[in-house]
Amino acid sequence: MDDNHVTQISREDLNELREAFNKIDIDNSGYVSDFELQELFKEASLYLPGYKVREIIDTFIAGDTNKDEKISFEEFVSIYKELKSKELSETFRKSISRRDGIRSFGGMSVISNVGTQHSYSDEEKVALVNWINKSLGKDPDCQHLLPLDPNDESLFTSVRDGILLCKMINLSEPDTIDERVINKNKPTTFKMTENLVLAMNSASAIGCTVVSMDAHELTAGKPHLVMGLLWQIIKAGLFADMKLSKNEGLIWLLKDGEQLEHLFSLSHEELLLRWVNYHLLNAGTQTISNFSEDIKDSRAYFYLLSQIASEDKKFKTRVKIDISGLSERNLERRAELMLQQAARLDCRQFVSPHDVTSGNSKLNLVFVANLFNMHPNLQGAGVNGNDLEQAQVREETREEKIFRNWMNSLGVSPHVNHLYWDLCDGLVILQLLEKVKVSVNWQKVNKPPYPYLGGNMRKLENCNYAVMLSRDVAHFSLVGVGGDNINQGSVLHTLALVWQLMRRYIIMVLSALGDGEKVGDQIIVDWVNTTLKEKRKDTQIKSFKDNLISTSLPVLDLIDALAPGTVKWDMVKKGMKGKMDDEDKFNNAKYAISMARKIGARVYALPDDLVEVKPKMVLTLFAALMGFGLKKAKY
């Protein structure tokens, strides 16, 4: 469609649409689900009858080539523009334009994920560039790329060799990638692609959604993909410590009458709002309810900075924040004075004065997240007087972390921050059931927002439906598991269901590659041993409990069999007389998992799972390698 026939959106309108989108996208994943679209239209002051929304959803799904039924902000804007113009079209004029800081580029279908006219914010690009420059500025392996220039397109070309992406992943989740595996020193085109495959599979392993991108698109530097992936990686790091197991001081954010479990159910934004308001209450000033309108005058930020700087152990000498900037009447100048104070705490990242005064909620959220990570200052008596000594904070297990990251990598909504409490309304489980080819009748499903009265009953109905489908359609073994167990966040029962979902997903992929043959544990073991024998490797495994797996030697032999010449054997420890110490085992495991991801296997297991020979996670690793091997043989 020619631009003259499409309703154009001003910067102000686009900001309002972004604000509406962010209110529905509460987990900041960058996507909303199809069933949230009607609420999104309401937030955007576009009131449509249910049947009309259903028609739009059906049209969207029909054109959604990756079939993830997720709607990005860019796709929402395209749908909105089409509705406002009251005209239908199949094509957009291919163009690159710049309007008031919003760049749009290329595309064909109005509502498909591939070819859509995408847009990105210059402010967000500048924020990413500045964060990367600060974070990796001293990394010797990135000196050929940095510093990036915020005024050009260098951000999009910087990811081509994969090195920067790998470094950013390790910055967010340390030791995710074994740096011995990264191809450095002016890699060839093939080696750069290997790095990008390694980065994407590693990003998936920490919970990033990468299903809609491939190495070629990243090599091409497609702005919306590059920025989308980088934001996911950065937020994974910023939000990693926002849990009780990492920061027990969060207990002070409980309100009167709340139980510890309440904190588990909060989104990152809700938790950060509580943290900010905790300090604002201590400062004796007005609290806030969002990171858009309520922060535009910088008042909350000045008082927050003054609270988190006092008695902070990060500084040998106390930093006293100057809040006299509150008397400045020009809001943009006031925001600059506030950011100068944030710089004294080494926290002037992500936002410019204009980002504050315009209420850019996405950038302000990560600005506050960085403040929290650097200076939480949650010490002493809380506002409700709870006793920290009585709080029993349960650490997230490795298995739980793997399950959570697997779910998030598939793009479920809402984003899973806590494995049990974010599953208690059944919606995520129902989405996962669809991923494993179980048909879900969404007309039977209760969707948020849930009413205050009777809301939990609606969640329980969802959980009962999810358990029924899991037992009667998917034929999972769920003895003693009921919807109430999932609704109440039962650890044992939830894990039993989630593991079977993950296992079926993995087996389903293998069956598809194996022309529909039903795949069981022994078939995977036999395939591993046959492949090793055909390539004349010395190792064999008896089962997924075989103690030899603790050395990672069978895994490395299998990788070398599937991709000859990729394993650098001088980096592998063989042990003396068949014996190997724990440190050598762990180093082998780190290397093996990163190598598996590098050759193209989507691996979620962690090095400790190999060293300790955890059968479930070992199965997922060998199944991923088998999937890679079958796909390679097939194509």
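Before reading on, note that the structure itself is shown above.
The shown structure was predicted, so the numbers you read here are calculated from the model rather than taken from an experiment.

Participant: I'm lost on the packing of aromatic side chains in this one. Help?
Facilitator: The geometry of an aromatic ring pair is captured by two quantities: the separation of the ring centres and the angle between the planes. A full pass over the atoms with the stated rule returns 10 aromatic pairs. Seen from their ring centres, Tyr301 and Phe367 are 5.1 Å apart, and the 75° between their planes marks the pair as edge-to-face. Here Tyr301 is found in helix α13 (residues 299-309), whereas its partner Phe367 is found in helix α16 (residues 361-374), with 66 residues between them in sequence. In this pair, the class of Tyr301 matches that of Phe367, namely buried. On the numbers, 6.4 Å between centres and 35° between planes, the contact of Phe403 with Trp499 is tilted. Here Trp499 lies in helix α21 (residues 491-513) and Phe403 lies in helix α17 (residues 398-409), a separation of 96 residues in the sequence. What makes Phe403 buried here is its relative accessible area of 0%.

Participant: Got a minute to help me understand the nonpolar core in this structure?
Facilitator: Core analysis: the biggest nonpolar cluster contains 177 residues, and Trp275 and Leu433 have the highest contact counts within it. Those residues in contact with Leu433 that sit more than four places away from it in its chain are Val438, Val440, Ala466, Leu469, Ser470, Phe476 and Leu501. Core analysis: the next-biggest nonpolar cluster, separate from the first, contains 21 residues, Leu37, Leu46, Val53 and Phe60 among them.

Participant: Help me understand helix α14 (residues 331-344), please; the structure alone is not making it clear to me.
Facilitator: Quick reminder: α-helices carry 3.6 residues per turn. Residues three or four places apart thus point the same way. In this model, α14 (14 residues) spans 20 Å end to end at C-alpha, consistent with the 20 Å of a helix rising 1.5 Å per residue. Those residues of α14 not exposed but buried are Arg334, Ala335, Glu336, Leu337, Met338, Leu339, Gln341 and Ala342. Where α14 is buried, its residues touch α13, α15 (353-357) and α16. A distance of 3.1 Å separates the backbone nitrogen of Glu332 from a side-chain oxygen at the start of α14, and that oxygen is part of Asn330. At the exit of α14 stands Asp346, carrying a positive phi of roughly 60°.

Participant: Just to check I follow, could you spell out the side chain of Asp609 for this structure?
Facilitator: Within the secondary structure, Asp609 is located in helix α25 (residues 607-611). Once you skip the residues sitting within four places of it in the chain, Asp609 turns out to touch Arg398, Ile402, Lys614, Met617 and Val618.

Participant: Looking at this model, I keep getting lost on the side chain of Thr539. Mind explaining?
Facilitator: For Thr539, the position within the fold is in the loop between α22 (521-534) and α23 (553-562). There is a polar contact of 2.8 Å between the side chain of Thr539 and the side chain of Asp557.

Participant: Help me out: how do you make sense of helix α19 (residues 455-472) in this one?
Facilitator: In a regular helix each residue adds 1.5 Å, so 18 residues correspond to 26 Å; α19 covers 26 Å between its end C-alpha atoms and thus fits that length. Residues Gly455, Asn462, Cys463, Tyr465, Ala466, Val467, Leu469 and Ser470 constitute the buried set of α19.

Participant: Help me out: how do you make sense of the pattern of salt bridges in this one?
Facilitator: When the charged atoms of two side chains with opposite charge come close together, those side chains can pair. For the structure on display, the rule yields 24 salt bridges. With a closest N to O distance of 2.6 Å, Arg180 and Asp178 form a salt bridge. You can call Asp178 buried: its relative accessible area is 6%. Notably, a salt bridge pairs Glu396 with Arg404, separated by 2.7 Å at the nearest N-O pair. Each of the salt bridges in this network shares a partner with another, and the network as a whole consists of Asp139, Asp141, Lys167, Glu179 and Lys184.

Participant: How should the environment of Phe544 be read in this particular structure?
Facilitator: Looking at the element boundaries, Phe544 is found in the loop between α22 and α23. Taking the relative accessible area as the measure of exposure, Phe544 reaches 7% and is therefore buried. Sequence separation of Phe544 and Val525 is 19 residues, and the distance between their C-alpha atoms is 7.7 Å. Those residues within four positions of Phe544 in sequence are excluded, and the remaining contacts are Asp521, Ile524, Val525, Ile549, Val613, Pro615, Val618, Leu619 and Phe622.

Participant: Explain the packing of helix α5 (residues 122-136) against helix α10 (residues 223-238) here, please?
Facilitator: How two helices sit against one another is set out by the angle between their axes and by the gap between those axes. Packing of α5 against α10 leaves a shortest axis separation of 11 Å and a crossing angle of 55°. By the angle between their axes, α5 is oblique relative to α10. Regarding α5 and α10, the two cross each other, and that crossing is left-handed. Counting all contacts with α5, which are made through Glu124, Lys125, Ala127, Leu128, Trp131 and Ile132, the residues of α10 involved are Met227, Leu230, Trp231, Ile234 and Leu238. Among the residues making up the contact of α5 with α10, the classes are represented as 9 nonpolar, no polar and 2 charged.

About the thresholds
- Residues numbered from 1 in each chain as written.
- Predicted model: local features only at pLDDT ≥ 70, side-chain atom pairs only at ≥ 80, totals over all residues.
- Heavy atoms only, no water.
- Phe/Tyr/Trp six-rings, centres within 6.5 Å; stacked < 30°, edge-to-face > 60°.
- Helix = DSSP H or I, 4+ residues; strand = E, 2+ residues; numbered from the N terminus.
- Buried < 20%, exposed > 50% of the residue type's maximum accessible area, 1.4 Å probe, protein only.
- Core = buried A, V, L, I, M, F, W, Y, C linked by side-chain atoms within 4.5 Å.
- Contact = heavy atoms within 4.5 Å.
- Expected span 1.5 Å × (residues − 1).
- Polar contact = N/O pair within 3.5 Å; in protein donor to acceptor, adjacent residues only side chain to side chain.
- Salt bridge = Lys/Arg side-chain N within 4 Å of Asp/Glu carboxyl O.
- Axes fitted to C-alpha atoms, helices over the stretch in contact; angles between N-to-C directions.
- Parallel < 35°, antiparallel > 145°, perpendicular 65-115°, else oblique.
- Left-handed = near helix turned anticlockwise from the far one by under 90°.
- Nonpolar A, V, L, I, M, F, W, Y, C, P; charged D, E, K, R; others polar.

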